[in-house]
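Residue-level listing of the chains:
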Amino acid sequence: MKKRVVCLLVSLTLLIACIPSVSAYYNVSTWAQEAVDSMYGLGFLPESLKNADMGKNITRGQMCQMAVLVYNQLMGTPGVGPDSTKHFTDTSDPAINYAFEQGIVGGYGDGTFKPNDPLTRQDFFKITYNLMATAYWYPSDVTLDSLERFSDVSAVSSYALEATRVMVSIGVVQGSDGKLEPKSCTTNEQAILMFFRAYLYMCNWINAQTEQTKNVQILAKGYYGISTWAILEVQEMQQRGMIPSCLDNCDMSKPISRAQMCAIAVLAYNKATGQNYTAKGGGYFTDSNDPAVNAAYELGIVGGVGNGKFLPHATLTREEFFKIMANFMKVIGYPREDARSVTLSSYQDGSRVSSWAQAPTRLMVYIGAVRGDGKNLNPKGNTQIQEAIAVFLRCYKYTISWKNDHPNGEDQSTLIEDLVSFARSFEGYPYVYGGNGPNSFDCSGFVLYVYKHFGYSFSRGAQDQYRDGVPVSYNELLPGDLVFFTSYTGCNSSNSSFRSITHVGLYLGDGYFIHAANPSRGVVIDKLTGGYYLNHFWGACRIITE
């Protein structure tokens, strides 16, 4: 298939995930431009701020609207909930009522909220503090700084003192000329910049908590020596029951043995096929009668080393492991044994791959099971236990996805089918703002990474990605299409300014799409045919048109 390569726009900074194509807001100071653009691209600016003078003061109502958008993204909770409850006598804004119900804001003693009043800086500090607390973050996680360096600290009201101290300690508030100015009004750009800092802090905190939880769970199983990049996949393999007991309490940075690899292979085979395969015979090797070795041999996943030996305790080179993985994929139903579109010479040590290992190595690179640093394959090096576990999982998930698309066992696959299978293999990976892969992603970084793996490059931001493809309607969707969403209800595909796009995913077919959703959910598969995402569907485009 001939590739249509669209232009790659190099972002000035990888942290800008979604730069708007047209900025309707104006009068933005240089120091706030990046934050305002980023918040706009993320869909965190309410409609009331999309055409605003950024030098004007933000109102209490606008702050609530922005807080709800950020809260929902962090927590993975769509919409603003039912708006039948009215908590204040002077407003029925559902965002204000929802923010009150979540404990993000409060009103005045006379039952009013005063939504059109300007927001003081200390009220901003308090609202941001409340929002972070609703996301299960507490200041006990932070070493609090003293406020004594600010000359006007005594002007901070008692109700806002702790919130102010926390905001200063985590870098959301930096002060100006040694002052906090707590009673001063907060301009739109000041509020957006400080909220952006708070959002990035929360993203990092949520991911850190997730990683800590994974570490605790992994350590509880007795594994150690696990690299950060491998924790996610080791945990998933353990949860799937695909780590054999022979690896209990092991150092996962050590090389895997041939027998240990057989034990993983048999468990993965049983998981993929729904069987409980056990060796039907034995005596195949003079130096091992391990049931897992015998079973892997009978299945055609491994062979001996000659002279009737298997060398169960010997370690595996990476190219030997690649060959075994290709055998494993074939045994569980994947027909392809090579991927000639992959050029091993693009790796610095590609020429070191043995002739018998070149086809399986190309296949491992093609399906994304072998990622590395893109420069070296290290074919003669040892395969660590954690590497073997991670690659087994990637091969397993890719093949299962491919088999689901080929229920009749067809022996051919299209580029799009391979691309969809590759995308599915990242389900469960973490969301990180600005993440470009391979271990974490944001929404536009994820779809770009998937397509770049197959040689297609396009823009980094979601709004520009729509313009890089050929628009297609909802009823024309095909697997591989990019699907776009807005923070607000209703399809806006007729809006030629592209300003309403805030999120992007990759359509899988049958009404489902995969996307890097948010810090709470990571990369997930969701249904497009109903509920939140259908109501917020913006449009779609096709990247591969030939």
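Residues numbered from 1 in each chain as written. Predicted model: local features only at pLDDT ≥ 70, side-chain atom pairs only at ≥ 80, totals over all residues. Heavy atoms only, no water.

### Focus: the environment of valine 70
Rules: Numbered from the N terminus, helices here are DSSP runs of H or I no shorter than four residues, and strands are runs of E no shorter than two. Should any heavy atoms of two residues lie within 4.5 Å, those residues are counted as being in contact.
Position of valine 70 relative to the elements: it lies in helix α2 (residues 60–75). Linking valine 70 and alanine 198, residues 128 residues apart in sequence, is a C-alpha distance of 9.8 Å. Dropping the residues within four chain positions of it, valine 70 is found in contact with Met39, Phe44, Phe195 and Tyr199.

### Re the nonpolar core
Worth spelling out the cut-off: As used in this record, nonpolar core signifies buried Ala, Val, Leu, Ile, Met, Phe, Trp, Tyr and Cys residues forming a set joined through side-chain atoms within 4.5 Å. Type-normalised accessible area, obtained with a 1.4 Å probe on protein chains alone, sets the label of each residue: buried when under 20%, exposed when over 50%, and partly exposed for intermediate values.
Core analysis: the biggest nonpolar cluster contains 170 residues, and Met364, Ile367, Phe392, Phe446, Tyr451 and Leu506 have the highest contact counts within it. With 12 residues, helix α6 (residues 188–220) is the largest single contributor of residues to this core. Those residues in contact with leucine 506 that sit more than four places away from it in its chain are Leu419, Val420, Ala423, Val447, Val450, Tyr451, Gly480, Asp481, Val483, Phe513 and Ile514. Counting 10 residues, the second-largest nonpolar core is a separate cluster that includes Val472, Val483, Phe537 and Ala540.

### Observations concerning unusual backbone geometry
Peptide bonds are, in most cases, trans, and in most cases residues other than glycine have a negative phi. The omega torsion of the bond from glycine 437 to proline 438 falls at 0 degrees, within 30 degrees of zero and hence cis. For lysine 114, which is not glycine, the phi dihedral falls at a positive 60 degrees. One can find lysine 114 in the loop between α3 (94–101) and α4 (121–134). Overall, lysine 114 belongs to the partly exposed group, its relative accessible area being 28%. The backbone of leucine 311 shows a phi angle near 55 degrees, a positive value even though the residue is not glycine.

### A short note on the confidence of the model for the protein chain
To keep things clear, this is the line we draw: Every residue carries a pLDDT, the predictor's confidence in it, which falls somewhere between 0 and 100.
Considering every residue of the protein chain, the mean pLDDT works out to 85; 87% of them sit at 70 or more. Here α6 is the element of the protein chain with the lowest mean pLDDT, 78, and helix α9 (residues 291–299) is the one with the highest, 96. When the criterion is pLDDT under 50, residues 1–22 qualifies, and its contacts beyond four places in sequence or with other chains add up to 71 contacts. Across residues 492–499, where pLDDT falls below 50, the model places 21 contacts with residues more than four positions away in sequence or in other chains.

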